Amino acid sequence: MTSKIVSMLILALIYACLAIIVFAPTIFAVWFYAVGRRLSPGKTRIPVALVTVFLVNLVVAFFVGKLAFDVFVTRSLSQHNARAEQTMRNAIRSQEEFHARHGRYYSVGPIRGPYTNEHGLAIEKDVILQVRPLWEESGGKDDSFEAYAVHVWGREVYLNTKEGDIEKEPFDSHKAKNIRSKLMRSVK
């Protein structure tokens with residue numbers, strides 16, 4: 001809880017600093033207006049130049065924010081999620097090959113990449129993977145495994161299905177939040 005509050009305060013401070021940088025011309029124009037009113041007291045209206053500078057700053061802030069979010073944040077999120085999905089594909093393939101040779105599945109992690117093992121499993125950097133054979137819990141009745149993969153900086157949670165496919169759990173679902181928090185806590 002404390003770490004969330006501290007991270008939110010740091011993020012708010014960064015946004016405040018960026019707002020000051022973007023709106024610096026408006027702050028400068030307001031300062032000129034305030035100094036002008038002090039030097040020549042009387043009823044003066046807000047100058048058109050001040051409003052114009054503020055509107056131009058709003059437009060610039062909108063485009064800079066849109067560019068930052070669309071280009072940098074969305075692209076990096078999709079790249080991080082793609083790494084987690086690729087790691088999940090690799091884990092499923094590795095488990096199936098191991099099962100074909102040895103007749104059982106093996107446990108992995110939770111472990112944070114980069115990591116490779118002798119069975120062909122490769123976990124990419126900052127991806128957390130956990131694989132658990134289900135025959136241990138079911139007393140040998142269920143010969144399958146469950147696997148979870150998340151990227152530390154991504155949003156999606158990937159898990160395997162009984163058919164060997166990859167399922168993407170919606171990031172705001174209760175199950176995804178539980179899996180993500182469990183994996184993140186386990187590799188600190």
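Residues numbered from 1 in each chain as written. Predicted model: local features only at pLDDT ≥ 70, side-chain atom pairs only at ≥ 80, totals over all residues. Heavy atoms only, no water.

S.K.: Explain the confidence of the model for the protein residue by residue, including any values.
M.R.: For the protein, mean pLDDT is 82; residues scoring 70 or higher make up 93% of the total. Model confidence for the protein, summarised as mean pLDDT per element, is weakest for helix α1 (residues 2–22) at 82 and strongest for strand β6 (residues 157–160) at 88. (pLDDT = per-residue confidence, 0-100. Helix = DSSP H or I, 4+ residues; strand = E, 2+ residues; numbered from the N terminus.)

S.K.: Go over the environment of Val59, please, and point to the residues and values.
M.R.: Relative to the helices and strands, Val59 is located in helix α3 (residues 48–102). On the basis of relative accessible area, Val59 is assigned to the partly exposed category, the value being 44%. Considering only alpha carbons, one finds Val59 and Ala29, 30 residues apart in sequence, at a separation of 17 Å. (Buried < 20%, exposed > 50% of the residue type's maximum accessible area, 1.4 Å probe, protein only.)

S.K.: Tell me about the sheet that holds strand β5 (residues 145–151), and name the residues and values.
M.R.: On the basis of which strands lie adjacent, the open sheet formed by five strands has the order β1-β4-β5-β6-β7 and antiparallel pairing. Looking at the sheet topology across the chains shown, the edges are occupied by β1 (108–112) and β7 (166–169). Between one strand axis and the next, the sheet turns through 15° on average, direction left out of account. (Pairing = 2+ DSSP bridges. Axes fitted to C-alpha atoms, helices over the stretch in contact; angles between N-to-C directions.)

S.K.: Quick one: what's the story with the pattern of salt bridges, residue by residue and with numbers?
M.R.: Counted under the stated rule, the structure contains five salt bridges. One salt bridge connects Arg89 with Glu85, and the closest N-O pair in it is separated by 2.8 Å. Of this pair, Arg89 and Glu85 both sit in helix α3, four residues apart, which is roughly one turn of the helix. Since its relative accessible area comes to 25%, Glu85 is described here as partly exposed. Arg112 is the salt-bridge partner of Asp126, the closest N and O atoms lying 2.6 Å from each other. (Salt bridge = Lys/Arg side-chain N within 4 Å of Asp/Glu carboxyl O.)

S.K.: Pulling in residues and values, what's your account of the packing of α1 against helix α2 (residues 24–39)?
M.R.: Geometrically, a packed helix pair is captured by the angle between its two axes and the distance between the axes. Two numbers describe how α1 lies on α2: the axes approach to 4 Å, and their chain directions differ by 65°. Residue-level inspection shows Ile20, Ile21 and Val22 of α1 in contact with α2, the latter providing Ala24, Pro25 and Ile27. (Contact = heavy atoms within 4.5 Å.)

S.K.: Tell me about unusual backbone geometry, and name the residues and values.
M.R.: One non-glycine residue, Asp126, lies in positive phi territory at about 65°. Within the secondary structure, Asp126 sits in the loop between β3 (122–123) and β4 (127–133). According to the relative accessible area criterion, Asp126 is buried, its value standing at 14%.

S.K.: Give me the lowdown on the nonpolar core, citing residues and values where you can.
M.R.: Met88, Val108, Leu121, Leu129, Val131 and Phe145 are the most contacted members of the largest nonpolar core, which has 17 residues in total. Elements with a contribution of two residues or more to this core: α3, β4 and β5. When residues in this core are grouped by element, the largest group, five residues, is from α3. Each residue touching Phe145, except ones within four places of it in the same chain, is listed here: Ile92, Gln95, Tyr105, Val131, Arg132, Pro133, Leu134 and Asn160. Residues Val152, Leu159, Ala176 and Val187 belong to the second largest nonpolar core, which totals 10 residues. (Core = buried A, V, L, I, M, F, W, Y, C linked by side-chain atoms within 4.5 Å.)

S.K.: Give a description of a nonpolar patch on the surface that names residues and reports values.
M.R.: A contiguous nonpolar surface patch, about 800 Å² in accessible area, is contributed by Val6, Met8, Ile10, Leu11, Ile14, Tyr15, Leu18 and Ile21. Taking relative accessible area as the criterion, Tyr15 reaches 54% and is therefore assigned exposed. (Patch = residues over 30% accessible without salt bridge, like charges linked within 9 Å, V, L, I, M, F, W, Y side chains within 5 Å. Areas by Shrake-Rupley, 256 points an atom, 1.4 Å probe, with all protein chains shown as cover.)

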